[in-house]
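Overview (structure and organization)
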Amino acid sequence: MRRLTLALAAAMLLAGCGATPPPQPPEAFTLDNGLTVMLRPMQDTEKVALVVLYAVGGLHDPKGQSGLAHLIEHCYVTAAAGSTPQCDMQGFMARYPDGWNAQTGDDYTVIAAVFGREALDRELHDAAARMKHLRVLESDLAREKPRLFAELRNMYASLPHLAAGNLAREKVCPSPHDGRRGGVADHVNALQIATVQQRLERYYKPKNATLVLAGAFDAAAARTAVETLFSPIPSGEVVPKPASRPKAKLPATETVRAMPVQAGAGPAVALAYAAPAVDSRLYAPFLVLVARLWNRAGTLGAAPGRMPVHYAPLDDPAAVSVCAAMTAGEEPDQAVARLEAFVAEAAKAELATSDRMVTLQTFNFAFGLLCVPDQMLAQNIYGVAFGMGRRAQMGVDSAALKQAIETVTTDDLRRAAETVFSEKVRAAVVVIPQ
C-alpha cells in the first residue's frame, strides 16, 4: 500500500510519442447539479484511478478554525458512508494496496484511490455515497484529531528538514486569520462535530467537485454509471472566496529550536520564495529557474525527508523552497548565506540552449506539455487523473504555457530572478534540534 504522488520516472519525462498516435483527449462533461466529470480511458493497464477534487482547501477555513478542511479530509476517508463502515487509517490503506491519496491544499482537497478495473462499480458507489452523505460521528473526530496533531508536529517541529521548509513557506505565504497551512492545533482541538457536519453538507458537494477517472474502463459505461449515481446528489453551495493572505514581512530570518522524533537528527536550513501565479508573465521563466535549481540540487547534499529543492506545481504552486542539512561547525547565518549563493548562482546565468527543453521535460507530466504515449502514462494513472483535474481547477492553458517556455529570453530570466528570487523577498529558517 502506498500514498500516491505525481512523480514519474525520468525516462517518462523524456519520452515522446514518435510514430505512436497521440493520446486521446479526455471526455469532459458537467452534470445538472454542477459536478464536473473527466474520463480518460487508457490502454496498457488493468487499473483505474478515481480522483475526487473539491475546490475547498485550507485558505477557505473560517477565522479561528484553521485546520477545518484538513480535519474533514481525514474524516472523509475514514467515516462511514453508504454500505462502507467506519474505519481507521490503516483500514483505509489496506483497502487500496495499489495506492491512495488524501490531501488538503490551499484551494483544494483531493481524495483518490487506484484499484483493479473489476472494482470500479463498487468504488463509484462509495464515492457517490460519500459525496451525498458522510456519516461523521464524534468517534471519528476523537480518532482523527490526534492523527492530525501528529502530522502538524512533523510539519513544523519534529522533522527538522520538513519543519524548516514549512516554516519558511508560511513566512512567504502567510495564512489568513492567523491560521497556518495544515491547521493550528488549538483551532482544530476546539472544532465541534456540528461544524464539521455543516461544512460537509454545504460545500463538499457536486457544485464544488470534479470527478476524474483514468485507466482501464469503458467510457460509455462509466458515463452512464456516473450519471446514474451522482446526478441525484444535491448540488450544495458554491464555496465562498477565501480571505486574502496578509502581506508577508520580508526578508525574514528565524532560528527555531525543536524536539525531533528521530534520534541523531541534525539541524536544517531552508529558504522559501513565493511563486508567481500560473497566468503571470513571470511564470515560464520562473519554471526555467526552478528546473535549473533542481538540476543543481545534488551540490547541496541529501536532505533527509525532503527534496533539496521543493516545488510542486499542482499540489502546492504557491511557493518554492530550498532545504539542506547544516554542515559541521556551520553557523545559522553561514548556512543561510550558502543557500542564497546556491540560488543566486543558478539564477544569474544567461539562457542556455538546453534550458527550454529541460524545462519542458521537467514539468511535462504536471502540465501536459509534451506528447507521452499511454504505455508510459499507464505507469502512474493517479498522476494522469490528478493532473487533469488540477489543471482544470487552476485554469492552466498547457499550449500557451508551452509556447511561453519555448520563447523565454535571457531578459525574462533576469526579471524572474530579480522579482521572485531576490534576497529581499526570501524567508530563511534554521531548525536546530534540542
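This is a predicted model, so every value here is computed, not measured.

Here we take up the overall build of the protein chain. The number of helices and strands found in the protein chain is 17 helices and 11 strands. For 434 residues, the compact-globule formula gives about 22 Å, and the C-alpha radius of gyration of the protein chain, at 22 Å, lands near that figure. Across its three principal directions, the C-alpha atoms of the protein chain cover 60 × 60 × 40 Å. The proportion of buried residues among the 434 residues of the protein chain is 54%. Counting contacts in the protein chain only where the partners sit at least 6 residues apart, residues at least 24 apart contribute 84% of the total. With an accessible surface of roughly 18600 Å², the protein chain has 53% of that area assigned to carbon and sulfur atoms. Distance from the positive charge centre (43 side chains) to the negative charge centre (43 side chains) of the protein chain: 3 Å.

On to the sheet that holds strand β9 (residues 309-312), then. Here 5 strands make up an open sheet; going across it, the order is β7-β11-β8-β10-β9 and the pairing mixed. Unpaired on one side and paired on the other, β7 (252-258) and β9 mark the two borders of the sheet. Adjacent strand axes in the sheet meet at a mean angle of 20 degrees when their direction is disregarded. For β7 and strand β11 (residues 427-433), the ladder comprises 7 bridges, and the chain directions are parallel. Paired with Glu254 across the strands is Val429, a residue of β11.

For the rest of this paragraph, the subject is the sheet that holds strand β1 (residues 27-30). Read across the sheet, 6 strands follow the order β1-β2-β6-β3-β5-β4 without closing on themselves; strand pairing throughout is mixed. The sheet is open, and its two borders are formed by β1 and β4 (100-104), each paired with just one other strand. The average undirected angle you get between the axes of adjacent strands in this sheet is 10 degrees. Bridge count between β4 and strand β5 (residues 109-116): 5 bridges; the pairing is antiparallel. Within β5, the residue paired with Asn101 across the bridge is Ala112.

The element helix α2 (residues 68-78) is extensively covered by neighbouring structure, given that 11 of its 11 residues are classed as buried. For α2, every residue scored as buried is listed here: Leu68, Ala69, His70, Leu71, Ile72, Glu73, His74, Cys75, Tyr76, Val77 and Thr78.

This next bit is on the nonpolar core. Across soluble globular proteins, nonpolar side chains show a tendency to be buried alongside one another. Met131, Val136, Leu213 and Phe230 are the most contacted members of the largest nonpolar core, which totals 78 residues. Counting residues per element, this core draws most heavily on α2, at 7 residues. Residues contacting Met131, with those up to four places away along its chain left out, are Leu35, Val52, Tyr54, Tyr76, Tyr204, Lys205, Pro206, Ala209, Phe230 and Ile233.

The subject of this paragraph is the state of the cysteines. Where two cysteines share a covalent bond between their sulfur atoms, that bond is called a disulfide. Under the counting rule described, the total for this entry stands at 0 disulfides. Cys173 forms no disulfide, and the closest cysteine sulfur to it belongs to Cys323, at a distance of 16 Å. Assessed through its relative accessible area of 0%, Cys323 is described here as buried.

Locating Phe363 in the fold gives a position in the loop between α12 (355-362) and α13 (364-367). Sequence-distant contacts of Phe363, defined by excluding residues within four places in its chain, comprise Leu287, Val290, Ala291, Trp294, Tyr311, Pro313, Gly368 and Leu369.

Turning our attention to the packing of helix α10 (residues 283-296) against α12. At a closest axis distance of 9 Å, the pairing of α10 and α12 adopts a crossing angle of 85 degrees. By the angle between their axes, α10 is roughly perpendicular relative to α12. Judged by residue contacts, Leu287, Val288, Ala291, Arg292, Trp294 and Asn295 of α10 engage Asp355, Val358, Thr359 and Thr362 from α12. When the residues that make up the contact of α10 with α12 are grouped by side-chain class, the tally is 5 nonpolar, 3 polar and 2 charged.

Right, let's get into unusual backbone geometry. Here the bond from Leu250 into Pro251 is cis, since omega is -5 degrees, no more than 30 degrees from zero. The backbone of Asp44 shows a phi angle near 65 degrees, a positive value even though the residue is not glycine. Looking at the element boundaries, Asp44 is found in the loop between β2 (36-41) and β3 (47-54). A relative accessible area of 55% means that Asp44 is categorised as exposed. Look at His177: it is not a glycine, yet its phi comes out positive at around 60 degrees. With relative accessibility at 34%, the residue His177 sits in the partly exposed group.

On to the packing of aromatic side chains, then. As enumerated under the stated definition, the model contains 14 aromatic pairs in all. Ring centres 5.2 Å apart and planes at 65 degrees place the aromatic pair Phe92 and Tyr96 in the edge-to-face group. Pair check on accessibility: Phe92 and Tyr96 agree, each one buried. Seen in terms of ring centroids, Tyr311 and Phe363 are 6.4 Å apart; in terms of plane orientation they differ by 70 degrees. Their pairing is edge-to-face. One end of the pair, Tyr311, is in strand β9; the other, Phe363, is in the loop between α12 and α13, and 52 residues separate them in sequence. Taken together, the ring pairs in this structure connect Tyr273, Tyr283, Phe286, Trp294, Tyr311, Phe363, Phe367 and Phe421 into an aromatic cluster. Positioned over the ring face of Tyr156 is Arg180, at 3.9 Å from the centre of the ring.

The rules we used
Residues numbered from 1 in each chain as written. Predicted model: local features only at pLDDT ≥ 70, side-chain atom pairs only at ≥ 80, totals over all residues. Heavy atoms only, no water. Helix = DSSP H or I, 4+ residues; strand = E, 2+ residues; numbered from the N terminus. Rg over C-alpha atoms; globule rule 2.2 N^0.38 Å. Buried < 20%, exposed > 50% of the residue type's maximum accessible area, 1.4 Å probe, protein only. Contact = heavy atoms within 4.5 Å. Areas by Shrake-Rupley, 256 points an atom, 1.4 Å probe, with all protein chains shown as cover. Lys, Arg positive; Asp, Glu negative; His and termini not counted. Charge placed at Lys NZ, Arg CZ, Asp CG, Glu CD. Pairing = 2+ DSSP bridges. Axes fitted to C-alpha atoms, helices over the stretch in contact; angles between N-to-C directions. Core = buried A, V, L, I, M, F, W, Y, C linked by side-chain atoms within 4.5 Å. Disulfide = S-S within 2.5 Å. Parallel < 35°, antiparallel > 145°, perpendicular 65-115°, else oblique. Nonpolar A, V, L, I, M, F, W, Y, C, P; charged D, E, K, R; others polar. Phe/Tyr/Trp six-rings, centres within 6.5 Å; stacked < 30°, edge-to-face > 60°. Lys NZ or Arg CZ within 6 Å of the ring centre and 35° of its normal.

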